[in-house]
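# Examining the three-dimensional arrangement
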Amino acid sequence: MTQDMAHRAAGELASRAVGIRVSGVDKVYPTRRGEVHALSGIDLEVGRGEFVSLVGRSGCGKTTLLRILSGLLAPSAGTVEAGGRPAWVAGRRDDAVFAEFGLVFQEANLFPWFTVAENVGLPLKLRGAGRAARRTRAAELCATVGLSGFEESYPRELSGGMRQRAAIARALACDPSVLLMDEPFGALDALTRDRMNLELQQIHAVSGATVVFVTHSIPEAVFLADRVVLLTPRPGRIRSVVPVGLVRPRSAGVETHAEFGEIVAGLRRELDRED
Amino acid sequence: MTTVERSEQVPEQGNDAEVGGARPGVDGRVATSPGGPDPTGPNGESVWMRRLPWVSGPVMLALLLGGWQFAVSVVGVSEFILPAPAAVGSALAELFAGPEIWGHVGITLFEVLAGFGIALVAGVTVGAVLGRVVWLQRAVQPALVALQVVPKVAFVPIFVIWFGFGPTSKIIMAALLAFFPIMLNVMLGVRSVERGHRDVMRGLGAGRWATFRNLELPSTLPYVFAGAEVAIVFSVIGAIVGEYLGGSAGLGFLAVSSLNALDAPRLFAVIVLLAVLGSLLYLAVTTAKRLVIPWHESVSTAV
C-alpha cells in the first residue's frame, strides 16, 4: 500500500518543479565503538513550494538529514541539489545555494545582545543592508509573525512562543525559497503549538516557500504537510512517503476528519511495524 | 507578505497563556516573569528589593561608626590601637589640607589603572588565543597552574630588584594579579559560545569577521566584565602591597610611613581613603558593564 502511495506521489511530482533533490545520501559518524550509520541511501525530492514533514523516532536521522539540507553537516556520500544546483560539492558547501535557505531550530537561538528587530534583521545585516532598510523590513516581518510592538524588546523579555516567532521572522528575512525547520515547536506547550501550526500554514501559503519540517509528532506532521516522509533508525532510511490530500487551508477542526485519522493511524502502524 | 491573522489577545492585556513572559512592572520597566532569568522579581517585591541596599548600606555604616565610637569612649580602647572616628576624620581633613596627598593618590591611581590596563589587554588576548587553540592551552596548562597557585605577592621584592623602587614594579605587580581572573574568564567565554548560535551564523553563511562582530565578541563580553570586576580589586591590592614593601610614594607608602611615625589616626585615614578609592574603581567597572552589556542577566538582576 505504501509503495503504491509513493508511486502516486512520484507521479504528481513529475509535473512540478523540483525545490530540493536528495540522491543517495549517506551519513556515517566515526565513534570509538566503530562507525555509526546515521543515514543510508536517502533519496527524496521536494517540489517547489511543497510542504514536506519528516517524522520518525528519536535517533532515526531526521535531524541529521535536516542539518545536511541546511548546510551545517556534510554528507558522507550522495548529492543534495537545490533549484538544480549542487549544494554540497566534495564535502564543501556552496554558500550561494544555502543563502536561499531560511533555518529554524528547536531552540529559538536568538542573540540575547540584540533586540528582536536586530535579531530579525541579522540576515540582512550580513548582506550589507543599511540600518534603515533593516529596521523597516524587521517591522514588516514582526507584523507577519504577530510580534508587532515587541521590536525593541530583548529576547529574555519574551515567552518561548514569542521567541520562536522571532526566529521564524529571522528565517524569513531574506525571502528564502526554502524553509528548513527542525522541531521548531517541540519545546512549546500544546496550545501555543496548535496556534503556531496554523500561523505557519498561513506563512507557507503566503510566501510560497518550499518547507521541510522535522517533528516527532505524527498529527503535527500530517496537519502541516503535503507529504509525510517516515524515517526509521539504524541506519536512518526512508520507510514510506505518504501524501496528505486534505484541502487547504486546514483549520484545527481537520483533526476530527476521518481522512486525517486514517493517515495518522496508517503512519503509526508503519512506525510500529517490525522488519 | 501579509500579516498573519492573530487569534490571540493583545499581549499587553497580559492574560494570554503564551505571553506571560513580559509585562510592564509597577515602575514601567518590563519585569521578567517566573521562569525567566529573574524568578525573584514579581513586581511589588522587586522595587523593595532594589531599594534595600540603599537603606541597609547607610544603616550598616552607622552601626560600624557607632560601635567604633562605643569601643573608644565607653570600653576605653587605647587611642593608639583604635583612634576615635572623629580623630580619623580630622586626620583625613589634615591630609587633604596638606600639599602632598593628591600626588600620593595620583601615583597609586596611576599604578592601579596602568596595571589593570595591561592585565586587560594581555588577559583578553591570551585568554582568547588559549580558548581557541586547544593544543596550546593543554601545553601551557602546567605553567599556568603553577603561576596561579604561587602567592604572587611574594614576587614584589624581586620586582623591586628588577624594576626599582618607582611605579614600574607596582604596575607589574598589579598587572600580574589582575591578569589571571581576566584571562581565565575570557578563555571560558570564548569556549562557551552557544552551539545553536554558531549554527545560526553558519546557516547564514557568515564570514569570520561577521561571526566575530555579531556573535563571538558580544557573547564573550560578559566574561570579560566578570573577570574585570575581580581584576580591578586585585590590581588595587597589587599596587598597595608593592608600595608597602618597596615604595617611596603612593597611598601604600603613606600608610607605612604613618605606621613608622606611630600616627594611628593618619594610618586609619589612609585606609579609609584606600577603601573609597577601591570602591570608586569597582563602581567604574560595574558602570561600564551596565553601559556596554545592558542586555545581560547580571545587569538586569543586580541592585
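Predicted model only: the values in this text are computed from it and were never measured. (Residues numbered from 1 in each chain as written. Chains lettered and ligands numbered in written order. Predicted model: local features only at pLDDT ≥ 70, side-chain atom pairs only at ≥ 80, totals over all residues.)

### Some remarks on the overall build of chain A
- Broken down by element type, chain A carries nine helices and 12 strands.
- At 19 Å, chain A has a C-alpha radius of gyration in line with the 19 Å of a compact globule built from 275 residues.
- Taking the principal axes of the C-alpha coordinates as reference, chain A spans close to 55 × 45 × 40 Å.
- Intrachain contacts of chain A at a sequence separation of at least 6 include 68% that bridge at least 24 residues. (Helix = DSSP H or I, 4+ residues; strand = E, 2+ residues; numbered from the N terminus. Rg over C-alpha atoms; globule rule 2.2 N^0.38 Å. Contact = placed C-beta atoms within 7 Å.)

### Examining the sheet that holds strand 8 (residues 101-104) of chain A
All names here are of chain A.
- The strand order across the open sheet formed by six strands is 8-9-10-3-11-12, and the pairing between neighbours is mixed. Each edge of the sheet is formed by a strand with only one pairing partner; in this case those strands are strand 8 and strand 12 (237-243). Across the sheet, the mean angle from the axis of one strand to that of its neighbour is 15 degrees, orientation sign disregarded.
- With four bridges joining them, strand 8 and strand 9 (residues 178-182) adopt parallel strand pairing. Looking across to strand 9, one finds that Gly-102 is bridged to Leu-179. (Pairing = 2+ DSSP bridges. Axes fitted to C-alpha atoms, helices over the stretch in contact; angles between N-to-C directions.)

### Observations regarding the sheet that holds strand 2 (residues 34-47) of chain A
All names here are of chain A.
- Reading across the sheet, the four strands line up as 2-1-4-5 and stay open at both edges, with antiparallel pairing between neighbours. Each edge of the sheet is formed by a strand with only one pairing partner; in this case those strands are strand 2 and strand 5 (85-86).
- Both strand 1 (residues 18-31) and strand 2 contribute to a ladder of 10 bridges, which runs antiparallel. Residue pairing across strands places Val-18 opposite Gly-47, the latter belonging to strand 2.

### Some words on the pairing of strand 10 (residues 210-214) of chain A
All names here are of chain A.
- Within strand 10, five of the five residues are buried, leaving the element largely enclosed by the surrounding structure.
- By the alternation rule, side chains of strand 10 split into Thr-210, Val-212 and Val-214 and Val-211 and Phe-213, which are all buried.
- With four bridges joining them, strand 3 (residues 51-55) and strand 10 adopt parallel strand pairing. Residue Val-52 lies in a different strand from strand 10, and its bridge partner there is Val-212.
- In this sheet, strand 10 lies alongside strand 9 in parallel orientation, the contact comprising five bridges. By the bridge assignment, Leu-179 is partnered in strand 10 with Val-211.
- With helix 7 (residues 190-207) bridging strand 9 and the parallel strand 10, this β-α-β connection has right-handed handedness. (Buried ≥ 20, exposed ≤ 12 C-beta atoms within 10 Å, placed from the backbone. Right-handed = clockwise from strand over helix to strand, strands pointing away.)

### Considerations on the packing of helix 3 (residues 101-132) of chain B against helix 9 (residues 251-260) of chain B
Residue and element names in this part refer to chain B.
- Contact geometry of helix 3 with helix 9 gives a least axis separation of 7 Å together with a crossing angle of 130 degrees. The angle between helix 3 and helix 9 places the two elements in the oblique class. Residues His-104, Val-105 and Thr-108 of helix 3 form the contact with helix 9, whose own contacting residues are Leu-251, Gly-252 and Leu-254.
- Per-class residue counts for the contact of helix 3 with helix 9 are three nonpolar, three polar and no charged. (Parallel < 35°, antiparallel > 145°, perpendicular 65-115°, else oblique. Nonpolar A, V, L, I, M, F, W, Y, C, P; charged D, E, K, R; others polar.)

### Details of the pairing of strand 12 of chain A
Residues and elements named next belong to chain A.
- With six bridges connecting them, strand 11 (residues 227-232) and strand 12 associate as antiparallel partners. Along strand 12, the bridge assignment pairs Thr-232 with Arg-237.
- Here strand 11 hands over to strand 12 after four residues, with Arg-234 in that stretch at a positive phi of 50 degrees.

### A few points about helix 6 (residues 167-191) of chain B
All names here are of chain B.
- Its 25 residues give helix 6 an end-to-end C-alpha distance of 36 Å, which sits within 8% of 36 Å, the value for a rise of 1.5 Å per residue.
- Roughly 30 degrees is the biggest bend found in helix 6, and it falls at Phe-179, with proline Pro-181 one to four residues downstream.
- With 21 of its 25 residues buried, helix 6 lies for the most part within the structure. (Expected span 1.5 Å × (residues − 1). Bend = angle between axes of the 7 residues up to and from the residue.)

### Section: the environment of Ala-154 of chain B
Residues and elements named next belong to chain B.
- Inspection of the secondary structure puts Ala-154 in the loop between helix 4 (134-149) and helix 5 (156-163).
- Of the residues examined, Ala-154 has 8 C-beta atoms within 10 Å and is grouped as exposed.
- In sequence terms Ala-154 and Pro-85 are 69 residues apart; their C-alpha atoms lie 34 Å from each other.

### Digging into the confidence of the model for chain B
All names here are of chain B.
- Scored by pLDDT, chain B has a mean of 83; 84% of the residues are at 70 or more.
- Within chain B, no element has a lower average pLDDT than strand 1 (residues 22-24), which sits at 35, and none a higher one than helix 3, at 95.
- Low confidence marks residues 1-43, where pLDDT is under 50. Its contacts with residues over four positions away, or in another chain, come to 71 contacts.
- As scored by the predictor, the complex reaches a pTM of 0.77 and an ipTM of 0.85. (pLDDT = per-residue confidence, 0-100.)

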